[in-house]
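# Coordinate inspection notes
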Amino acid sequence: MRSSSESFNIRSSFPKWAPLISTLLLAGVTYGVQRTSLALYAEELSGSDITDIFVFLQIASTIIAYGLFKGLAGFFSSRLSSKFKRKNTMRIGLSLLVLGSISIVLAQYIKLTGLIIGNIFIGAGLGLFFTASMSALTEIAGSEGSAFSVGSMEFSVYLGSSIGSFFAGLIEDLQSNAFTASFIFALVVAGVAVTLGIVLLRKVETEELVKGTKEAILLDSTKVETKWRIRNIFRTPTLLLSYVAGHFSRIMDSMIVLLLPILVSMPGYDFTPTQIGLVISGFTLAWALSMPITGRISDRFGRKEAIIIGLFIEGAAIILLTFSKEPIYVILLAILAGIGTAIYYPSLPSITRDVVPIVKREQSLGLYRASLDSGYFTGPLIAMGLTFAATNLTIWNNTSEIRLENQLKFPFLVIGITLGVIALSFLFLAMETRPGWVQASISLKHSNKVKEFYAEIKKAFNTYIEGENVKNCSKAIEKAKNIEKEADDLVMKVTQALYGSVRPAPDDYHFYKITDTLDSSIGFTLRSIRKLILIPREKLPKSFIKYLRKEKVLLLKMISKAVEVLEVVCIQPLASHPIFEEVHKLENRLDINSQEGLAIATKELGKLNSVESMYIIQIIESLEISANLIEDAVDVMKIVGLKYQVRPLKL
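Let me sum up the structure you'll find in this document. From a predicted model like this one, the values you see are computed outputs, not experimental measurements. (Residues numbered from 1 in each chain as written. Predicted model: local features only at pLDDT ≥ 70, side-chain atom pairs only at ≥ 80, totals over all residues. Heavy atoms only, no water.)

### Regarding the overall build of the protein
Our working rule: Helix numbers and strand numbers start at the N terminus; a helix is a DSSP run of H or I with at least 4 residues, a strand a run of E with at least 2. The rule is simple: take the accessible area with a 1.4 Å probe, protein chains only, and divide by the maximum for that residue type; under 20% is buried, over 50% is exposed, in between is partly exposed. Throughout, a contact is declared for two residues whenever any of their heavy atoms are within 4.5 Å. Shrake-Rupley sampling with a 1.4 Å probe provides the accessible areas, and residues are treated as covered by the protein chains on show and by no other component.
For the protein, the count of helices and strands is 24 helices and 0 strands. When each of the 651 residues of the protein is scored for burial, the buried share is 59%. Counted over contacts in the protein with a minimum sequence separation of 6, partners at least 24 positions apart contribute 85%. Accessible surface computed for the protein: about 25,700 Å², of which carbon and sulfur atoms make up 62%.

Next comes the structure, spelled out in structure tokens:
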């Protein structure tokens, strides 16, 4: 098993990570050509009156079809994965991209119908593939790198989208029938993606991805997982808000694709085609390029602040964009909006990954993707409704000549304000699901050192009990002592993090207390074994030897469970509570065993002198204190777990 304190390392995960990212890049190329096709179709209708609702519907219909079926496919992705396996769901999704490209190639004969059918296939294909890929990537990354992984996924998709858009534009310049030619290019790319999916996407199931990592612990947390229901999402403000924010991020994206090019090409703006391209690509590229970085920051410092800041930045940039007509300012504000999106976007699905039990995670991520991508369905409808609702609006000016300009600005104003409201809702209603724990990784390392210590002490006890010479027992004790020194160094690091951090995390003291308490248990256990070897083995009755055998086994089990609790608390607090109960049961068994040991000490140790009898009593008390200290550390872990348990459940 990978070290429980090891953070996400892209090198060790690269063989699993690279094939997915590469295939996502190719899918993104097809997506980019599809987005360009919408612009080409809108250009064909540019001579028509955009205020005519039927013309507007023609332009919006392809986005609506794409968003509706992408959302539906995302919702049903988990069901397909459970029935046919995740890798086959990915391959089905990639195959639908091929069918979509073929349909749009044929659109030269069936016009709008071909575009709609093609976008249905492409939307459904991307919905299946992206949802399954997001589930796989967050499991590859683990709790330490889920937002980074989501950011990397979106980066690869939108990098591919930019490549696809570039080649579609290049083909338009070189070919007379650019529409068909660009989708022949998309068809070839989709074919390569399907081939890669068949050849490379093999080990992507949950059990395969979490095997050998601390995430595997969560698969055993059935007591919590069987009580988790999808309806809990709607009862949990933090989760529900992440789904709402994701939906509105797509609404904003669809409005930028649909309305912004029309707005900046109107009289008074008079943007050149290059400047219009810079506005759209500036938003998309700022979003895509920033996400791996912002995702890493979210994994390190937490989700809530990133979401609030990002939503405010995007909302403010979009509102300010409606008050500016200078190309340089509009381009810069579009880039700022893209950066705002990048700040909050990777954190949204990571909340589901943080909170939802692992066996229900893909289903919940499917619902998140459905909520997210259906924004491409509702976005054009909302844009159209707000545009026509603002016929007589005079917020920016009151001249009839630029009435249409006001209409086109109004949807951006409304959605910008809505993003601010969602940010405020996160501020007051949401809980943090990935706190910026400075010391968590050090505490995990320390707890594993304590576990190593108890394993070595068990060997020392066995050496003594089996009647081997004291020298062999002393060697085992010395080795345990060296492990104690390594643990002491980690205690010092935790202390330095507590008192030397510029911005202490709210739980720093809790992790210091956990580390210090577990470290104290080492001292009492060492004291007990050192006193034990001073008593000749042959003087001890069999009943006391039986007590010692049982005590060392129970202590090692208890510290192992304590380490498991700390690991799970740092991964997913909700899943930790069944393990707390197991620790308390072990502590009760140790209490009973200690009482039996004391009874032996008072009744059956007649062969020992008074000093040796005193040692025996002190050994029993020291081992009991060690067990109590381990339980005390687990109680502090429980406090941390309860604090970040987003929705308490009755267990």
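### Here we look at the side chain of His446
When you line up the elements, His446 lands in helix H19 (residues 440-465). Under the relative-accessibility criterion, His446 is labelled buried at 0%.

### Details of the nonpolar core
Our working definition: Here the nonpolar core consists of buried residues drawn from Ala, Val, Leu, Ile, Met, Phe, Trp, Tyr and Cys, with membership extended through side-chain atoms lying within 4.5 Å.
Leu260, Phe412 and Phe426 are the most contacted members of the largest nonpolar core, which has 107 residues in total. The residues touching Phe426, leaving out its near neighbours within four places in the chain, are Thr238, Leu241, Ser242, Ala245, Lys304, Ile307, Ile308, Leu311, Leu348 and Ile351. Residues Val210, Ile600, Ile616 and Ile620 belong to the second largest nonpolar core, which totals 68 residues.

### Regarding the pattern of salt bridges
Here is the rule we go by: For this analysis, a salt bridge means a side-chain nitrogen from Lys or Arg found within 4 Å of a carboxyl oxygen belonging to Asp or Glu.
As enumerated under the stated definition, the model contains 21 salt bridges in all. The salt bridge partner of Lys643 is Asp507, with a shortest N-O separation of 3.1 Å. With Lys643 in helix H24 (residues 610-643) and Asp507 in the loop between helix H20 (470-500) and helix H21 (508-532), this pair connects stretches of sequence that are 136 residues apart. Under the relative-accessibility criterion, Lys643 is labelled partly exposed at 36%. Look at the salt bridges and you will find they share partners, linking Lys70, Glu154, Arg250, Arg369 and Asp373 into a network.

### Some details on the packing of aromatic side chains
Worth spelling out the cut-off: Centres within 6.5 Å make a pair out of two Phe, Tyr or Trp rings, where for Trp the six-membered ring is used; the pair is then stacked when the planes are under 30 degrees apart, edge-to-face when over 60, and tilted otherwise. Lysine NZ or arginine CZ positioned within 6 Å of the ring centre and within 35 degrees of the ring normal marks a charge as sitting over the ring.
Throughout the structure, instances matching the rule amount to 15 aromatic pairs. With a centroid separation of 6.0 Å and an interplanar angle of 40°, the aromatic rings of Tyr509 and Tyr512 are classed as tilted. Linking Tyr509 with Tyr512, this pair stays in helix H21, spanning 3 residues, or about one helical turn. An aromatic cluster is built from Tyr31, Tyr66, Tyr158, Phe283, Trp287, Tyr345 and Tyr376, whose rings are joined through pairwise contacts. In this structure, Arg300 is placed above the aromatic ring of Phe301, and the distance from its NZ or CZ to the ring centre is 5.0 Å.

### Topic: unusual backbone geometry
The phi dihedral of Lys85 is positive, around 85°, even though this residue is not glycine. Turning to its location among the elements, Lys85 is positioned in the loop between helix H2 (53-84) and helix H3 (86-105).

### Section: the packing of helix H13 (residues 304-321) against helix H14 (residues 327-344)
Going by this rule: Note on method: axes are straight lines fitted to C-alpha atoms, helices fitted across the in-contact stretch only, with angles between N-to-C directions ranging 0 to 180 degrees. Any angle that is under 35 degrees is reported as roughly parallel, and any over 145 degrees as roughly antiparallel; angles of 65 to 115 degrees are reported as roughly perpendicular and all others as oblique. By definition, any crossing whose near helix is turned counterclockwise from its far helix by less than a right angle is left-handed, and any crossing with a clockwise turn is right-handed. The residue classification treats Ala, Val, Leu, Ile, Met, Phe, Trp, Tyr, Cys and Pro as nonpolar and Asp, Glu, Lys and Arg as charged. All others, Gly included, are polar.
Where H13 contacts H14, the axes come no closer than 7 Å and their chain directions differ by 160°. Compared by their axis directions, H13 and H14 come out roughly antiparallel. Judged by the sense of rotation from one axis to the other, the crossing of H13 with H14 is left-handed. Here Ala306, Ile307, Ile309, Gly310, Leu311, Ile313, Glu314, Ala317, Ile318, Leu320 and Leu321 of H13 come into contact with H14, specifically with Val330, Leu333, Ala334, Leu336, Ala337, Gly340, Thr341, Ile343 and Tyr344. Broken down by class, the residue content of the contact of H13 with H14 amounts to 16 nonpolar, 3 polar and 1 charged.

### Side note on a nonpolar patch on the surface
Quick note on the threshold: Like charges within 9 Å and nonpolar side chains (Val, Leu, Ile, Met, Phe, Trp, Tyr) within 5 Å are joined into patches, using only residues over 30% in relative accessible area that form no salt bridge.
On the surface, Leu159, Ile163, Phe166, Phe167 and Leu170 cluster together into a nonpolar patch covering about 400 Å² of accessible area. Along the polypeptide, Leu170 turns up in helix H5 (residues 146-174). Look at Leu170 and you get partly exposed, because its relative accessible area is 34%.

### Here we look at the side chain of Asn593
With respect to the secondary-structure elements, Asn593 resides in helix H23 (residues 577-603). Accessibility expressed as a relative area gives 2% for Asn593, which makes it buried. What Asn593 contacts, discounting residues up to four positions off in sequence, is Tyr547, Lys550 and Glu551.

### Overview of H19
Formally: The span one expects for a helix is its residue count, reduced by one, times 1.5 Å.
Compared with an ideal rise of 1.5 Å per residue, which puts 26 residues at 38 Å, H19 spans 37 Å between its outermost C-alpha atoms and is within 8% of the ideal. Phi for Gly467, located one or two positions after H19, is positive at around 80°.

### Some remarks on the environment of Val494
Tracing the sequence through the fold places Val494 in helix H20. Owing to a relative accessible area of 0%, Val494 belongs among the buried residues under this scheme. In this view, Val494 contacts Gln439, Ile442, Ser443, Phe511, Tyr512 and Thr515; residues no more than four positions away in its chain are not counted.

### Some thoughts on the environment of Gly375
Considering the arrangement of structural elements, one finds Gly375 in helix H17 (residues 375-389). Linking Gly375 and Gly71, residues 304 residues apart in sequence, is a C-alpha distance of 8.2 Å. Leave out the neighbours within four places in its chain, and Gly375 touches His247, Arg250, Ile251, Ser254 and Pro380.

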